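What follows is each chain in one-letter form.
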Amino acid sequence: MESLVEYLFYRFEHIYTSQSQYPPQGYSNVEELLNSLPDYSFVSLSKVTLADYMKNEGYDQLVTEELAGITVAAIYDQNVNIVTALSGVTALARSPTSSYWSVVGGNEVLCQRLLESAKSEVRVEHRVTRIDKLGNGYSVFFTDEQGNLSNETFDYVVMAAPLQASNITLSGFSDLPTFNPGKYHTTTTTIVRGHLNMEYFGLSNSSSAPWMVAVPPASTLSFSLIERLPPADGTAELSFPVYKVQSVNPLSDGLVSSVFTDIKNTSFHTFRAAYPDFTAPDTLSPLVVDNGVLYPSGIEWSASAMEMGAIAGRNTAILLAEHFHNRTSH
């Protein structure tokens, strides 16, 4: 499977060339972006399931179900017979054999550093409820931390939140594009500092603890993945290792105590809109709602990963710069 992922990702890297050239190329929807990639129809990968795609590529059903199936279930908590090939291949890139990065302090540090660099005003505990199109701008309605409703007018608006999960109403737009009607998936991440109880898995406690436990899709277990987390800064691991457990719902204290021993501490967080529920064939989303309203979150319905968000963010910057240049030069 590694060769399949490398083959597709090598061709996908063309997007970095188109975004770095002069003038850089921006795209108004995901289909347009995918069609710009040479030597392969990435749009077709959004129309078939991962299982059907791997079958057509000559992979054995056992490989698809036990390797690809477990990986997709562990990462997206979804099924290879339902998810699109494009989202599934993205999950395979995050497989146990792949290399990936960790951020010291957590992924939120990326957002903090970006905000510091942009020197932008950030209003926490504010929720956007509606965007109205005006003659030459857009009125954004929002509630503050006390629930008071206010609005401000802007020349440009970037909706960096999925419409399916944010409940933002768009008003006054004469010709809205078609948005993906799907729902977002809920997932819970539990962090445990302690040791795996090998007896829970039918092994003796003298057995070496694995770095990852991936659960088959048909399993009745309450979790889909247990993964050991090495220190992000590369220092030596503490005497008590740290594990991440992924599940749909919060785990009971009893289950955590059964799966782990010598527990030092635990914490969990439920993400209500962790990633889309991918279903083939997929409705590829727009990246532009109106001339002055950009929608980078639309890219997530093709594949969900931080890198896809970075690509969409840069695409948004390119489109805004292009639109602003055209507006000021006339």
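Everything numeric in this text was worked out from a predicted model, so none of it was measured.

Novice: Explain the pattern of salt bridges residue by residue, including any values.
Specialist: Tallying each qualifying case throughout the model produces 6 salt bridges. Here Glu121 makes a salt bridge to Arg123, at a shortest N to O gap of 3.1 Å. The class of Arg123 is partly exposed, set by a relative accessible area of 38%. One salt bridge in this structure joins Arg130 and Asp132, with 2.8 Å as the shortest N-O distance. Within this structure, Glu121, Arg123 and Glu152 form a network of salt bridges that share partners.

Novice: Explain the nonpolar core to me, using residue names and the numbers behind them.
Specialist: The biggest cluster of nonpolar side chains holds 37 residues, and the ones touching the most others in it are Phe12, Leu33, Leu34, Phe42, Leu50 and Ile299. Among the elements that line this core, the one with the most residues is helix α6 (residues 85-92), at 5 residues.

Novice: Pulling in residues and values, what's your account of helix α1 (residues 2-12)?
Specialist: Taken together, the buried positions of α1 are Leu4, Val5, Leu8 and Phe12. The buried residues of α1 occupy one face: seen down the axis, they fall within an arc of 95 degrees. Turned more than 90 degrees off the buried face of α1, the exposed positions are Glu2, Ser3 and Tyr10. Here the buried face of α1 lies against α2 (14-20), α3 (30-35), α4 (50-56), α6 and α10 (306-328).

Novice: Can you explain the packing of helix α5 (residues 61-76) against α6? Please cite residues and give values.
Specialist: It is at 9 Å that the axes of α5 and α6 come closest, and there the two elements cross at 90 degrees. In terms of orientation, α5 and α6 fall into the roughly perpendicular class. For the pair formed by α5 and α6, the contact residues are Ala68, Thr71, Val72, Ile75 and Tyr76 on the first element and Ser87, Gly88, Thr90, Ala91 and Leu92 on the second. Split into classes, the residues belonging to the contact of α5 with α6 amount to 6 nonpolar, 4 polar and no charged.

Novice: Provide a residue-level description of the packing of α1 against α6, including the pertinent values.
Specialist: Where α1 meets α6, the axes come as close as 10 Å, and the angle between the chain directions of the two elements is 110 degrees. When the axes of α1 and α6 are compared, the pair comes out roughly perpendicular. The two elements α1 and α6 meet at a crossing, and its hand is left-handed. Residue-level contacts link Val5, Leu8 and Phe9 of α1 to Val89, Thr90 and Leu92 of α6. Class assignment for the residues of the contact of α1 with α6 results in 5 nonpolar, 1 polar and no charged.

Definitions and limits used
- Residues numbered from 1 in each chain as written.
- Predicted model: local features only at pLDDT ≥ 70, side-chain atom pairs only at ≥ 80, totals over all residues.
- Heavy atoms only, no water.
- Salt bridge = Lys/Arg side-chain N within 4 Å of Asp/Glu carboxyl O.
- Buried < 20%, exposed > 50% of the residue type's maximum accessible area, 1.4 Å probe, protein only.
- Core = buried A, V, L, I, M, F, W, Y, C linked by side-chain atoms within 4.5 Å.
- Helix = DSSP H or I, 4+ residues; strand = E, 2+ residues; numbered from the N terminus.
- Arc of directions from axis to C-beta.
- Contact = heavy atoms within 4.5 Å.
- Axes fitted to C-alpha atoms, helices over the stretch in contact; angles between N-to-C directions.
- Parallel < 35°, antiparallel > 145°, perpendicular 65-115°, else oblique.
- Nonpolar A, V, L, I, M, F, W, Y, C, P; charged D, E, K, R; others polar.
- Left-handed = near helix turned anticlockwise from the far one by under 90°.

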